[in-house]
Amino acid sequence: MAKEFKITSLRLADLEKELNYLKTTREREIAAMIAEARSYGDLSENSEYDAAKNEQAKLYGRIAEIEDILSHAVIIEDENEASGLVGLGCSVTVEDENGKKTTYRITGSQEANPMEFKLSDDSPFGRAIIGKAKGDKFTVNAPSGSYTMKVIDIIREG
């Protein structure tokens, strides 16, 4: 069974837009780079040709990756929305044991970016908080150790 990629409809649109750009504009740009590099002569010692072919390989790899994601995408339909519980696609404000508050967005693995406070539902934090309600305390079993947090607010977006 193929892996499912949980993504929001916004992320789906972004991936479709990127795929279109890569298959049209970027593919033509790289083809032009290869043609120009070929015009320089001997391909065996042509670093511009090698660089262009490497770019082409990266392009086709990214196209294949996006097509795989799109073919196995599961659009997040938040089943917890009506009940007010933490689920995919929501932002949640939590408070740690020291009283520090932080807001995270719970996403599928394809959208996760800890630097932007977007955490995957597959992460230790995501697994611990999914299904919790406002006011609930929960324990995160992270590789660095366990810690307890409290759900302060749940915000539905979109």
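Shown above is the structure to which this text applies.
Because the structure is predicted, anything quoted here is derived from the model rather than measured.

1. Topic: the overall build of the protein chain
- For the protein chain, the helix and strand inventory stands at 3 helices and 7 strands.
- Relative to the compact-globule value of 15 Å for 158 residues, the protein chain shows a C-alpha radius of gyration of 22 Å, a clear excess of over 25%.
- Seen through its C-alpha atoms, the protein chain measures out along the principal axes to roughly 70 × 30 × 30 Å.
- Among the 158 residues that make up the protein chain, the fraction classed as buried is 33%.
- Counting contacts in the protein chain only where the partners sit at least 6 residues apart, residues at least 24 apart contribute 51% of the total.
- Approximately 9,600 Å² of the protein chain is accessible, and the part contributed by carbon and sulfur atoms is 50%.
- Each charge class in the protein chain can be summarised by its mean position, and for the 21 positive and 29 negative side chains these summaries are 5 Å apart.

2. Re the pairing of strand β4 (residues 101–107)
- Burial analysis of β4 places 5 of its 7 residues in the buried class, which makes it a mostly covered element.
- Bridging between strand β3 (residues 90–95) and β4 involves 5 bridges; their strand directions are antiparallel. The partner of S91 across the bridge, within β4, is R105.
- With antiparallel pairing between neighbouring strands as the criterion, β3 and β4 make up a hairpin whose turn holds 5 residues, including G99 at a positive phi of roughly 90°.
- Here β4 runs beside strand β5 (residues 118–120); their pairing, made up of 3 bridges, is parallel. Bridge assignment links I106 to a residue of β5, and that residue is L119.

Analysis parameters
Residues numbered from 1 in each chain as written. Predicted model: local features only at pLDDT ≥ 70, side-chain atom pairs only at ≥ 80, totals over all residues. Heavy atoms only, no water. Helix = DSSP H or I, 4+ residues; strand = E, 2+ residues; numbered from the N terminus. Rg over C-alpha atoms; globule rule 2.2 N^0.38 Å. Buried < 20%, exposed > 50% of the residue type's maximum accessible area, 1.4 Å probe, protein only. Contact = heavy atoms within 4.5 Å. Areas by Shrake-Rupley, 256 points an atom, 1.4 Å probe, with all protein chains shown as cover. Lys, Arg positive; Asp, Glu negative; His and termini not counted. Charge placed at Lys NZ, Arg CZ, Asp CG, Glu CD. Pairing = 2+ DSSP bridges.

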